[in-house]
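Structural characterization, general
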Amino acid sequence: MTIIDMSTVSIEYTLTLDSGDVIDSNVDAEPLTFQQGKGQIIPGLESALIGMEEGEEKQVSVAPENGYGPVHEEAIVTLKREQLPEGAQEVGAQVQGQGPEGQVLQGKVTDLTDTKATLDFNHPLAGENLHFEV
């Protein structure tokens, strides 16, 4: 069976960054199942799977623009520290915000001073080259 658009696909993968750090893997676990061509996975990986045969293995590198996008500086904001919720008063804390159209945004505290907090609402893998072993 060959992967074509509208195929139901199940893959086992390991995701690493340029540093070689393993970020995610489903090896020896449930496969990732999706419908090819429906945009259910990142575009760079989806397009690289077209034409693969059942049981075939492949190494795929995905640039940021075909993965989780570049780092957007406008998604990094500085607030008064007092505006942070009590449980988010440390670097690395996860926070939620509201976007201009009312959407819920997930962010992370990346810097704190006595008076200011810097929050990054970019996807955690924005700006990263992604390397998949599929």
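**Description of the overall build of the protein**
Along the protein, the regular secondary structure elements total one helix and ten strands. When burial is assessed residue by residue, the protein has 32% of its 134 residues classed as buried. Partitioning the contacts of the protein with sequence separation of at least 6, the portion at a separation of at least 24 is 57%. Accessible surface, the protein: about 8,700 Å² in total, of which carbon and sulfur atoms supply 47%.

**Structural notes on the environment of Val9**
With respect to the helices and strands, the residue Val9 is situated in strand E1 (residues 8-11). The class of Val9 is buried, set by a relative accessible area of 5%. Each C-alpha atom of the pair Val9 and Lys58 lies 14 Å from the other, and the pair is 49 residues apart in sequence. Each residue touching Val9, except ones within four places of it in the same chain, is listed here: Ile3, Leu32, Thr33, Phe34 and Gln36.

**Regarding the sheet that holds strand E6 (residues 76-80)**
A sheet is described by the order of its strands in space; here four strands give the open sequence E6-E9-E8-E7, paired in antiparallel fashion. The open sheet has two free edges, formed respectively by E6 and strand E7 (94-98), since each of these has just one partner strand. Mean inter-strand twist for the sheet, computed between neighbouring axes without regard to direction, equals 40°. When strand E8 (residues 104-112) meets strand E9 (residues 116-120), the two strands line up antiparallel, connected through four bridges. The residue bridging Asp111 from the neighbouring strand is Thr118, located in E9.

What counts as what
- Every chain begins its residue count from 1, and numbering advances along the sequence as written.
- Selection of residues for local features in this predicted model requires a pLDDT of at least 70, selection of side-chain atom pairs for listing and counting requires 80 or more, and totals for whole chains, interfaces and linings are taken over all residues.
- Hydrogens and water are ignored here; the side-chain numbers use all heavy atoms of the structure.
- Numbering goes from the N terminus for both helices and strands, where a helix is a DSSP run of H or I of at least four residues and a strand is a run of E of at least two.
- A 1.4 Å probe rolled over the protein chains alone gives each residue an accessible area, and that area as a share of the maximum for its type sets the label: buried under 20%, exposed over 50%, partly exposed in between.
- Contacts: residue pairs with any heavy atoms within 4.5 Å of one another.
- Accessible areas in this description were obtained via Shrake-Rupley with a 1.4 Å probe; residue shielding takes into account the shown protein chains only.
- For two strands to be treated as a pair, DSSP must find no fewer than two bridges joining them.
- Note on geometry: axes are C-alpha line fits, over the in-contact stretch for helices, and angles between N-to-C directions span 0 to 180 degrees.

Geometric descriptors of this kind do not, in isolation, establish any biological role.
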